Amino acid sequence: MTSTPAKKLGRAAPTNVGLGRRLVSGFGAQTLTMIVMVGERFLMVPLFLYAWGLTLFEDYSLMVAAAGLVRLIDFGMESYYSASLRLSFSSGRMEEFQRHIAIGMGIYLSIICVALLLSTAFLLLPVTSLLGLSGLSESNASLVFWVLTFNRLAFLPRAVVRPIYTAHGEFSRGENVFTLASIAQTAIAAGLLLMKVQPGPYNIVLTCTFFLTSWLPMIVDQRRRYPGLSYRPALPTLKELKTIFRRAGFYLVRDWGEVLISNGPVLLIGLLARQPGAILIFNASRVLIGLARQFTIQLAKSGGFEMSRQLAQRDRAGLISLYLSLGRSIGALTGIAAGFILVTAGPLIEVWTHGKAPYDPLIILAFLSGVLISGPAQNSIMLLHMSNVPRPLATASLVQLCLVSALMFVLVPRFGPLGAAVALGFSECMSAIWSHHAATVLLRLPQLRYAARAFGSELAGFALGCAVAVAVLSFHYPSNLWALAVFYLISSAAVSIPAFYLAVGPKQRRRLWTKLNLVPAKS
């Protein structure tokens, strides 16, 4: 077993040392990542439609969704290693930390080699008929699908490498490296689409540049920053393999659920309700709702890392305090974002898709209902996930997957994208309620205490978001992408101060003012 001296890899910092700085920097880095991702999605959809047209774009969306199912072969190890590396490092078990990296790389490389061999069969499959494609020839569809699959396989080992930043307490740095890679990939993709490069060459070029823009910078940065680090793969012992899959098995259910829920609805809409524009309106509405969810997920994730450290170091008082504070902040941000989306979804979809995706307020409402009910539970989900407590998350994912599958087959043939939105919104609520119950049991915390604080701030935030969006729309109605950007800049500026007071409690504000020397410290 590889032994790495603690002095080279670093030592785990005390739980509360730099807690506020890490929370703010982590949330800031994730917010930047989210802005880049949102900008990428808003930029790329018009470019895809410009370069390929609606039919080819929807065909490509179906192939992307099908290729995304490759993540099923991860077997839950991404979540397992993310938690295990962080907990080993936080507890000062450096040899175990390095061993996790070694066997993780060994397992992933073995899986990729087998998967690449098996995936060559995609070149022989009738992809167009299997997925119901209409804009690509059989040979082009098979090639594009194989390249997309290869690209997804190349992502898998990052499940071991990326959490190394988080384990060292540098989550924000890892996010920034990821963001720079995303910006580079988006720039390359945009250039190719402006030149109207077709799907086959487009994906080949992106896959080749992925290694230069993503893998290389991350490895170089980590090797420079953590001199004792080694990526040398190793095969696990039988005992280690049993330990991994015994615990990763619970994560497998959750991760499989996420993959199927992320990609399955697009495939089912394509197969059960294939009509021009159906996939586009569903994806466009889902991306918008993702905005309302992403702010809270970013904050919950940043807090989850810190709560897992506190749990590992048995700091119950600090853990409860942070959990309740995050509940208030997450509720407020969820409400504000949902209010904005509810009011602005119509003009936003019209401008974004150049009128090719009709706005359906019922789809937006179906999605938003799921976000508003499940939003405050993101804190609970991240606590369980980051603390390596996978059993309740597996149960919640199984419940969600069963519900959404049954409802999709019943509702999609009759209602199309609206049926899919209703199925996703309802199943998400049920899953979130179960996860929140499990987290409060783990913390021995009354559920109503957290729910009252979180949903109270969410309701106030929702009213604030709606009011600001209506006020700004009354004098600035966006008619193009630039006007849309100006609208959101004005709205963000208008909502920032009241949002801060909603999201941050009096004690936290007092602590911040003291650090900024705006008020005297209490004696």
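Fair warning: this is a prediction, and the values are worked out from it, not measured in the lab.

Q: Describe the overall build of the protein, listing the residues and the values that go with them.
A: Secondary structure summary: the protein contains 20 helices and 0 strands in total. Out of the 523 residues in the protein, the part that is buried amounts to 55%. Considering only contacts in the protein between residues 6 or more positions apart, those separated by 24 or more positions represent 82%. Just so you have it, the protein exposes about 22500 Å², and 68% of that area is on carbon and sulfur atoms.

Q: With reference to specific residues and values, describe the packing of helix α12 (residues 278-312) against helix α17 (residues 417-443).
A: Direction vectors running N to C along α12 and α17 enclose 30°, while the axes themselves pass 10 Å from each other. One element, α12, and the other, α17, form an angle in the roughly parallel class. The two elements α12 and α17 meet at a crossing, and its hand is right-handed. For the pair α12 and α17, the contacting residues are Ala-278, Ile-281, Phe-282, Arg-286 and Arg-293 in the first and Pro-417, Ala-420, Ala-421, Leu-424 and Glu-428 in the second. Per-class residue counts for the contact of α12 with α17 are 7 nonpolar, no polar and 3 charged.

Q: Give a detailed account of unusual backbone geometry, specifying residues and quantitative values.
A: One non-glycine residue, Lys-196, lies in positive phi territory at about 55°. In this fold, Lys-196 is placed in the loop between α9 (171-194) and α10 (199-225).

Q: Can you explain the nonpolar core? Please cite residues and give values.
A: A general feature of soluble globular proteins is that nonpolar side chains tend to end up buried together. Core analysis: the biggest nonpolar cluster contains 70 residues, and Phe-48, Trp-52, Tyr-60, Met-63, Leu-193 and Tyr-202 have the highest contact counts within it. If you tally residues by element for this core, the top one is helix α2 (residues 19-67), at 16 residues. Not counting residues within four places of it along the chain, the set of residues in contact with Leu-193 comprises Met-44, Leu-47, Phe-48, Tyr-50, Ala-51, Trp-52 and Tyr-202. Among the nonpolar cores identified, the runner-up in size contains 35 residues, and Ala-83, Ile-107, Val-161 and Phe-210 belong to it.

Q: Give a description of the confidence of the model for the protein that names residues and reports values.
A: On average, the protein scores 80 in pLDDT, and the residues at 70 or more come to 89%. Averaged pLDDT values for the elements of the protein fall to 38 in helix α1 (residues 6-9) and rise to 90 in helix α14 (residues 361-374). Across residues 1-17 the pLDDT falls below 50, and counting only partners more than four positions away or on other chains, this stretch makes 42 contacts in the model.

Q: Which residues make up the pattern of salt bridges, and what values go with them?
A: Throughout the structure, instances matching the rule amount to 4 salt bridges. With a shortest N-O distance of 2.9 Å, Arg-93 and Glu-96 are connected by a salt bridge. In this structure Arg-93 comes out as partly exposed when scored by relative accessible area, which is 38%. Salt-bridge contacts for Glu-240 lead to Arg-99; the nearest nitrogen and oxygen are separated by 2.8 Å. Remark: Arg-99 occurs in helix α4 (residues 94-119) and Glu-240 occurs in helix α11 (residues 238-272); sequence separation between them is 141 residues. Here the residues in one salt-bridge network are Arg-173, Asp-221 and Arg-224, joined through shared partners.

Q: Run through helix α19 (residues 481-503), naming residues and quoting values.
A: The largest bend in α19 amounts to roughly 45° and is located at Ser-496, with the proline Pro-498 lying one to four residues further along. For α19, the full list of buried residues reads Ala-483, Leu-484, Phe-487, Ser-491, Val-495, Ala-499 and Ala-503. For α19, the secondary structure elements touched by its buried residues are α13 (316-352) and α18 (447-475).

Q: Lay out a nonpolar patch on the surface with the relevant residues and their values.
A: On the surface, a cluster of nonpolar side chains totalling about 410 Å² of accessible area is made up of Ile-373, Val-399, Phe-426, Met-430 and Ile-433. Here the nonpolar patch takes 3 residues from α17, the largest share from any one element. Mapping Phe-426 onto the fold places it in helix α17.

Q: Break down the packing of aromatic side chains for me, with residues and values.
A: Under the counting rule described, the total for this entry stands at 15 aromatic pairs. In this arrangement the basic side chain of Arg-162 is found over the ring face of Phe-178, its NZ or CZ atom lying 4.0 Å from the centre. The lysine or arginine in question, Lys-196, covers the ring of Tyr-50, its NZ or CZ lying 4.8 Å from the ring centre.

Q: Account for the side chain of Gln-185, with residues named and values stated.
A: With respect to the helices and strands, Gln-185 occurs in helix α9. With a relative accessible area of 17%, Gln-185 lands in the buried category. Among the polar contacts listed, one links the side chain of Gln-185 to the backbone oxygen of Leu-206, at a separation of 3.5 Å. Other than its neighbours up to four places away in sequence, Gln-185 contacts Leu-206, Thr-209, Phe-210 and Thr-213.

Q: Explain the packing of α13 against α19 residue by residue, including any values.
A: Across the interface, α13 lies against α19 with an axial gap of 11 Å and an inter-helix angle of 160°. The angle between α13 and α19 falls in the class roughly antiparallel. When you trace α13 past α19, the crossing you get is right-handed. Of α19, the residues touching α13 (which contributes Arg-328, Ser-329, Ala-332, Ile-336, Phe-340, Thr-344, Leu-348 and Val-351) are Leu-481, Leu-484, Phe-487, Tyr-488, Ser-491, Val-495, Ala-499, Tyr-501, Leu-502 and Ala-503. In terms of residue class, the contact of α13 with α19 is built from 14 nonpolar, 3 polar and 1 charged.

Q: Before we move on, can you summarise the environment of Glu-58 with the specific residues and values?
A: Tracing the backbone shows Glu-58 in helix α2. For Glu-58 and Asn-283, which are 225 residues apart along the polypeptide, the C-alpha to C-alpha distance reads 10.0 Å.

Q: Which residues make up the side chain of Ser-285, and what are the values?
A: Structurally, Ser-285 is set in helix α12. A distance of 2.9 Å separates a polar side-chain atom of Ser-285 from the backbone oxygen of Ile-281. Leave out the neighbours within four places in its chain, and Ser-285 touches Ile-349, Ile-363, Ile-364 and Phe-367.

Thresholds, definitions, all that
Residues numbered from 1 in each chain as written. Predicted model: local features only at pLDDT ≥ 70, side-chain atom pairs only at ≥ 80, totals over all residues. Heavy atoms only, no water. Helix = DSSP H or I, 4+ residues; strand = E, 2+ residues; numbered from the N terminus. Buried < 20%, exposed > 50% of the residue type's maximum accessible area, 1.4 Å probe, protein only. Contact = heavy atoms within 4.5 Å. Areas by Shrake-Rupley, 256 points an atom, 1.4 Å probe, with all protein chains shown as cover. Axes fitted to C-alpha atoms, helices over the stretch in contact; angles between N-to-C directions. Parallel < 35°, antiparallel > 145°, perpendicular 65-115°, else oblique. Left-handed = near helix turned anticlockwise from the far one by under 90°. Nonpolar A, V, L, I, M, F, W, Y, C, P; charged D, E, K, R; others polar. Core = buried A, V, L, I, M, F, W, Y, C linked by side-chain atoms within 4.5 Å. pLDDT = per-residue confidence, 0-100. Salt bridge = Lys/Arg side-chain N within 4 Å of Asp/Glu carboxyl O. Bend = angle between axes of the 7 residues up to and from the residue. Patch = residues over 30% accessible without salt bridge, like charges linked within 9 Å, V, L, I, M, F, W, Y side chains within 5 Å. Phe/Tyr/Trp six-rings, centres within 6.5 Å; stacked < 30°, edge-to-face > 60°. Lys NZ or Arg CZ within 6 Å of the ring centre and 35° of its normal. Polar contact = N/O pair within 3.5 Å; in protein donor to acceptor, adjacent residues only side chain to side chain.

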